[in-house]
Protein chains: 2
Amino acid sequence: MEAPQNTKRTKASEPTLKRLPRYLHYLQKAQDKGILTISAPVIGKELQCDPTQVVKDLATTGVKGRPRIGYNIHELIQTIESFLGYNRANEAFLVGAGNLGMAMMSYPDFQRFGLKIVAAFDTNRDKIGRSRSGINILHMNKFQDLARRLQVRIAVLTVPHTVAQEVTDLLVASGIEAIWNLTPSQLQVPEHVIVQNTSMYANVTLLLKKLQEKDESESVQ
Amino acid sequence: MEAPQNTKRTKASEPTLKRLPRYLHYLQKAQDKGILTISAPVIGKELQCDPTQVVKDLATTGVKGRPRIGYNIHELIQTIESFLGYNRANEAFLVGAGNLGMAMMSYPDFQRFGLKIVAAFDTNRDKIGRSRSGINILHMNKFQDLARRLQVRIAVLTVPHTVAQEVTDLLVASGIEAIWNLTPSQLQVPEHVIVQNTSMYANVTLLLKKLQEKDESESVQ
């Protein structure tokens, strides 16, 4: 279970992994403007992060800056992209071609970030046979066979929460190893399956609660 | 800035606020099944959380369980909903009626969770005048006037990231106090404005990275 001895890369924490795409996004914009080198304090200032944190996050990828000069922006982008696996094509199946599913299929940017949705599945006969952004919508009863034949390991889950667990069981039985769960359901999966939860509801809740707390603190002042 | 002295509620941490909607979702399903009382260990087991954490999270809302009996499920649901502000109608404007924006407009569940999108805005003339789920799409040049007149304080931001900051500046100038940022951009806002970031890209990155790390650890074993 130990990491290879000769790697300069370290295992990144979840907060670091969430910040790296943000650095990357900023660095790509800076590079487009013709900037060649950049320092951690500049990145930190722009993204409102502590520069020490920036240095630490970037060191996780194995890249090193030079004193007084900073980082070569081209090298930095390449290293972060490689560390995050963006240069690999990770094929995924999307399950649930509803509104959110359709939106996910329409994002060309996911592919730039390493995720390629190669097919979508639904049980609604009105949707089957249609396509969105070149991605065909197939009947769910084809999922298991296709996942095995194409060796697809990733599923994007955008089904109604009422059927989320039932569909998850089928995904797992079909050999899916990683599920991006966009439903509000807490999925039960075997230990070897990775689940990334993105609950829209949890995020709405956080926003509304912060607003409520702000109002309460202002009314007390 | 201090909280009122006579409240039993405490300020909830961000992890607690993210777990509360999950408890609520589970409790509503349990209530639908006719369950009247429920204990923290049962909730913990179902949602794969430490029961002590469950007790602590629920105590934040001011609710108390009884020894050997647990919580009255109806009271528990009401208290969490009230704590999270779901029983208030928080009106919001959506900005950017693209694929993700349209998906957000089509979610009837947001309203149940306290967020009501009352209008959408875009600059694309093909979209203006259309509607989705009863929400009209208006020209962006009407935003400032309407936000002020209707005293809307919340904006859901689903514009392309290239214009995210520019649009944010307009939202802030129009009196918006809370922005749900669904773009990958890091927004610069004055201190009094609340931003909740939900980066789809950051979540994809986390998923792919975890899969990559799993592969690496397996290849070393």
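Check the entry above for the structure.
What you see is a predicted model, and the numbers here were worked out from it, not measured in a lab. (Residues numbered from 1 in each chain as written. Chains lettered and ligands numbered in written order. Predicted model: local features only at pLDDT ≥ 70, side-chain atom pairs only at ≥ 80, totals over all residues. Heavy atoms only, no water.)

So, about the sheet that holds strand β4 (residues 115–122) of chain B. All names here are of chain B. Pairing is mixed across the open sheet formed by seven strands, whose spatial order is β5-β6-β4-β3-β7-β8-β9. Edge positions in the sheet fall to β5 (131–132) and β9 (194–197), since each has one partner strand and no second. Taken together, the four bridges between strand β3 (residues 90–95) and strand β7 (residues 154–157) define a ladder with parallel strand orientation. The partner of F93 across the bridge, within β7, is A155. Sitting on the sheet, helix α8 (residues 164–173) is in contact with β3, β7 and β8 (178–181), with an inclination near 170° to β7. (Pairing = 2+ DSSP bridges. Helix = DSSP H or I, 4+ residues; strand = E, 2+ residues; numbered from the N terminus. Contact = heavy atoms within 4.5 Å. Axes fitted to C-alpha atoms, helices over the stretch in contact; angles between N-to-C directions.)

Turning next to the packing of aromatic side chains. Residue and element names in this part refer to chain A. One pass over the full model with this rule turns up six aromatic pairs over all chains. Centre to centre, the rings of F121 and F143 are 5.0 Å apart; their planes meet at 75°, and the pair counts as edge-to-face. Here F143 lies in helix α7 (residues 143–150) and F121 lies in strand β4 (residues 115–122), a separation of 22 residues in the sequence. F143 sits in the buried class, given a relative accessible area of 0%. Put simply, the rings of F93, F121 and F143 touch in pairs and so form one group of aromatic residues. (Phe/Tyr/Trp six-rings, centres within 6.5 Å; stacked < 30°, edge-to-face > 60°. Buried < 20%, exposed > 50% of the residue type's maximum accessible area, 1.4 Å probe, protein only.)

A few words now on the relation of the copies chain B and chain A. Least-squares fitting of chain B to chain A yields an RMSD of 0.0 Å, with the transformation described by 0.0 Å of translation along the axis and a rotation of 180°. Taken together, the rotation and translation describe the operation of a two-fold axis. Both copies contact each other with a shared surface, as 100% of the interface residues of chain B are interface residues in chain A too. (Least-squares fit on C-alpha atoms with pLDDT ≥ 70 in both.)

Moving on, we come to helix α2 (residues 40–47) of chain B. Residue and element names in this part refer to chain B. Of all the positions in α2, only A40, I43, G44 and L47 are classed as buried. In a view along the axis of α2, the buried residues occupy a sector of 100°, so they form one face of it. Positive phi shows up at Q48, right after α2, with a value of about 55°. (Arc of directions from axis to C-beta.)

All names here are of chain B. At their nearest, the axes of helix α1 (residues 14–32) and helix α4 (residues 73–84) sit 10 Å apart, and the two run at 145° to each other. You can see that α1 and α4 cross each other, and the crossing is left-handed. Residue-level inspection shows L17, L20, P21, Y23, L24, L27, Q28, A30 and Q31 of α1 in contact with α4, the latter providing I73, H74, L76, I77, I80, E81, F83 and L84. Grouping the amino acids of the contact of α1 with α4 by side-chain chemistry returns 13 nonpolar, three polar and one charged. (Left-handed = near helix turned anticlockwise from the far one by under 90°. Nonpolar A, V, L, I, M, F, W, Y, C, P; charged D, E, K, R; others polar.)

All names here are of chain B. Within helix α3 (residues 51–60), the full set of buried residues consists of V54, D57, L58 and T60. Projection of α3 onto a plane perpendicular to its axis shows the buried side chains occupying an angular sector of 145°, all on one side. Set apart from the buried face of α3 by more than 90 degrees, the exposed residues are T52 and K56. Tucked inside the fold, the buried residues of α3 contact α1, α2, β2 (71–72) and α4.

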